[in-house]
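# An overview of the molecular structure
Each chain, written out:
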Amino acid sequence: MNLNRLWEYANPKKFIETTDRVLPAVSVLAVLCLVVGLAWGFFFTPDDYRQGSTVKIIYIHVPSALMAINAWLMMLVTSLVWIVRRHHVSALAARAAAPVGMVMTVIALLTGAIWGQPMWGTWWAWDPRLTSFLILFLFYLGYIALWEAIENDDTAADLTSILCLVGSVFALLSRYAVNFWNQGLHQGASLSLDKEENVADVFYYPLLVAIAGFVLLFVALVLLRTRTEIRARRMRALLARERMG
Amino acid sequence: MMPDLGKYAETVLSAYAVSLVLIVVLVLLSLRRGHKVKAQLEAVEKKVRKNG
Amino acid sequence: MIALLLRDLRLAMRAGGGFGLGLAFFLIVVTLVPFGVGPQGGLLATIAPGILWLGALLACLLSLDRILALDWEDGSLDLLATAPLPMEAVVSVKALAHWLTTGLPLVLATPVFGLLLSLPSKGYAPLLLSLLLGTPALSVIGTFGAALTVGLKRGGLLLSLLVLPLYVPTLIFGAEMARRGVDGLDYSTPLLMVAGITCGTIALLPFASAAVLRVNLR
């Protein structure tokens, strides 16, 4: 497989043409997986013997938390691509992903709080995982605010991608700092390669489908929003050229 | 059809409701902005073609 | 480089400049805290390390936009960019000047403010040490934030939003070290972490700040 083929999609026109074909399929698949995964989880799984029916929240909480982190990782990769190869689509994809990642962070925080109220007896605890997510939310806020504040597209892309790199390092540092600062209430990983640690099979399979649904939803939204950003950028460029003469 | 959620019904339902509302709002906002920008771009392109 | 440092220091001292402002802000925060939480000595002693760290951090934050904004407005930043001095050196010097005019006075004033908050006597050494080690990181990170927002008209609020999350690790380890010192626990681990963060930011972040500044001057 020739890796150079991949860069063809960095051409905005080619990107729009390709996503014209891909986007409907991804959207349909996303809706399908989400409906199946969430319905399976909501209607056809037993209650947990300790958590009762609140265990059903896992089908939203875990996938959204996963996507909150993966969205930032994707932004990190596309920012690097922008810095190294200067493809506009890459920078615009990072811009398009940020609000989606932020909403995922909010969903993870809210569902966690709603679950924590009956289970831990509190909406919020300064637990390392919870605190890290709050900090991640602040990073998303700053990143989006910087995009909005700068008028020139290229300047904004440069500044935000550097912020994304620096922010990633500090987000990681914060994660360890927070771990050191307070011991947690939060249970360990729900998903890992180590079978013993995993949640039981009845919960596991619908969870996988729900995660696939969230991933596809994220991809569909990012593609859609990137197309919007490409068009918005082209429009600004055209208007600017017209004003010049 | 509704499963018996026991005493945690409110918790589970509110978690699902909040999440679904947030996702739907995000999708709708993305779609609306997409349509708006597409229409604006088409208008601008038409204008530019006429002038140039 | 030294000439630039001296120039920045002189400007900060004169010009009704921010020199005393940070300290005054720090004093006000420390004065207001007992009004907020009540005058009990025991309670104040427990929260003193955290308050002093937060006060220092906020005082630092307040003066960040002065690092580059004035030079940006009068055009001397463009001159510096064309000077033979590499941009990395310029931002490092700027950060150093900021620390000397804001961070260092705060550290030196902390014992007095510690008295006001009835800080236990064995807490002074670790608190001072943690601030001494941590505030340079605050200045360097702040310079990065200032470089990001230098071209914006109302960058002040955005600057805080961008910089505060970056301050989290430094604050956590610094305040933890001070707290452990007050409780008479071993504080060598957070000390090493604060020192590590400071060394790391001083070594690496100027490159990011310089890159950002070059973009903004383009």
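Residues numbered from 1 in each chain as written. Chains lettered and ligands numbered in written order. Predicted model: local features only at pLDDT ≥ 70, side-chain atom pairs only at ≥ 80, totals over all residues.

### Some points on the overall build of chain B
- A tally of regular secondary structure across chain B gives 1 helix and 0 strands.
- For chain B, with 52 residues in total, the buried portion stands at 15%. (Helix = DSSP H or I, 4+ residues; strand = E, 2+ residues; numbered from the N terminus. Buried ≥ 20, exposed ≤ 12 C-beta atoms within 10 Å, placed from the backbone.)

### A word on the overall build of chain A
- From N to C terminus, chain A includes 7 helices and 0 strands.
- Taken from N to C terminus, the helices and strands of chain A fall in the order α-α-α-α-α-α-α.
- Split into buried and exposed, the 245 residues of chain A put 46% on the buried side.
- Put simply, 78% of the contacts in chain A that link residues at least 6 apart link residues at least 24 apart. (Contact = placed C-beta atoms within 7 Å.)

### A word on the interface of chain A and chain C
- Between chain A and chain C, the residue contacts involve 20 residues of the former and 17 residues of the latter.
- When residues of the side of chain A that touches chain C are traced back to their parent elements, those giving at least two are helix H5 (128–149) and helix H6 (153–181) of chain A.
- Ranked by the residues each element gives to the side of chain A that touches chain C, the list is headed by H6 of chain A, at 12 residues.
- Along the lines of polarity and charge, the residues of the side of chain A that touches chain C split into 16 nonpolar, 3 polar and 1 charged. (Nonpolar A, V, L, I, M, F, W, Y, C, P; charged D, E, K, R; others polar.)

### Comments concerning helix H4 (residues 66–73) of chain C
- Arg 66, Ile 67, Leu 68 and Asp 71 of chain C are the residues of H4 of chain C that are buried.
- Just past H4 of chain C, the residue Gly 75 of chain C takes up positive phi, approximately 85°.

### Section: the packing of helix H3 (residues 41–62) of chain C against helix H7 (residues 124–148) of chain C
Residue and element names in this part refer to chain C.
- In contact at an axis separation of 10 Å, H3 and H7 are set at 25° when each is read in the N-to-C sense. With respect to H7, the axis of H3 lies roughly parallel. When you trace H3 past H7, the crossing you get is right-handed. Between H3, through Pro 49, Leu 52, Ala 56, Leu 57, Cys 60 and Leu 61, and H7, the contact on the second element is made entirely by Leu 127, Leu 131, Thr 135, Leu 138, Ser 139 and Gly 142.
- Residues that form the contact of H3 with H7 fall into these classes: 9 nonpolar, 3 polar and no charged. (Axes fitted to C-alpha atoms, helices over the stretch in contact; angles between N-to-C directions. Parallel < 35°, antiparallel > 145°, perpendicular 65-115°, else oblique. Left-handed = near helix turned anticlockwise from the far one by under 90°.)

### Let's talk about the packing of H7 of chain C against helix H8 (residues 155–182) of chain C
Residue and element names in this part refer to chain C.
- Between H7 and H8, the least distance of the axes is 9 Å, while the angle of their chain directions is 170°. In terms of axis orientation, H7 runs roughly antiparallel to H8.
- In terms of residue class, the contact of H7 with H8 is made up of 16 nonpolar, 7 polar and no charged.

### Comments concerning the nonpolar core
- In terms of nonpolar packing, the biggest core is built from 147 residues, with Ala 71 and Ala 97 of chain A together with Val 212 of chain C touching the most fellow members.
- Broken down by element, this core gets its largest block of residues, 17 residues, from helix H4 (residues 88–119) of chain A.
- Sequence-distant contacts of Ala 97 of chain A, that is, excluding residues within four places in its chain, are made with Ala 71, Met 74, Met 75 and Val 222 of chain A. (Core = buried A, V, L, I, M, F, W, Y, C linked by C-beta atoms within 7 Å.)

### A look at the environment of Leu 66 of chain A
Residues and elements named next belong to chain A.
- If you trace the backbone, Leu 66 turns up in helix H3 (residues 58–85).
- Among the residues examined, Leu 66 registers 18 C-beta atoms within 10 Å and is labelled partly exposed.
- For the pair Leu 66 and Pro 118, spaced 52 residues apart in the sequence, the C-alpha separation amounts to 23 Å.

### Quick word on unusual backbone geometry
- With a phi close to 55°, Arg 86 of chain A is a non-glycine residue in the positive phi region.
- Along the chain, the position of Arg 86 of chain A falls in the loop between H3 and H4.
- Using a count of 13 C-beta atoms within 10 Å as the deciding quantity, one classes Arg 86 of chain A as partly exposed.
- Even without being a glycine, Ser 118 of chain C presents a positive backbone phi close to 45°.
- Mapped onto the fold, Ser 118 of chain C is located in the loop between helix H6 (87–116) and H7.
- Residue classification places Ser 118 of chain C among the partly exposed residues on the basis of 16 C-beta atoms within 10 Å.

### Section: the environment of Arg 129 of chain A
- Structurally, Arg 129 of chain A can be placed in helix H5.
- The sequence separation of Arg 129 of chain A and Asn 179 of chain A amounts to 50 residues, and the corresponding C-alpha distance is 8.0 Å.

### Remarks on the confidence of the model for chain B
- Looking at chain B as a whole, the pLDDT averages 84, with 87% of positions reaching at least 70.
- Scored by ipTM, the complex comes to 0.86, with pTM at 0.88. (pLDDT = per-residue confidence, 0-100.)

### Digging into the confidence of the model for chain A
Residue and element names in this part refer to chain A.
- Scored by pLDDT, chain A comes out at a mean of 85, with 87% of its residues at no less than 70.
- Taking the mean pLDDT of every element in chain A, the minimum, 62, falls on helix H1 (residues 4–7) and the maximum, 92, on H3.
- Predicted confidence for residues 193–197 stays below pLDDT 50, and this span has 3 contacts to residues more than four positions away or in other chains.

### Some thoughts on the environment of Ala 98 of chain A
Residue and element names in this part refer to chain A.
- Tracing the backbone shows Ala 98 in helix H4.
- Considering only alpha carbons, one finds Ala 98 and Met 244, 146 residues apart in sequence, at a separation of 32 Å.
- Ignoring sequence-local partners within four residues, the contact set of Ala 98 consists of Met 75, Tyr 140, Tyr 143 and Ile 144.

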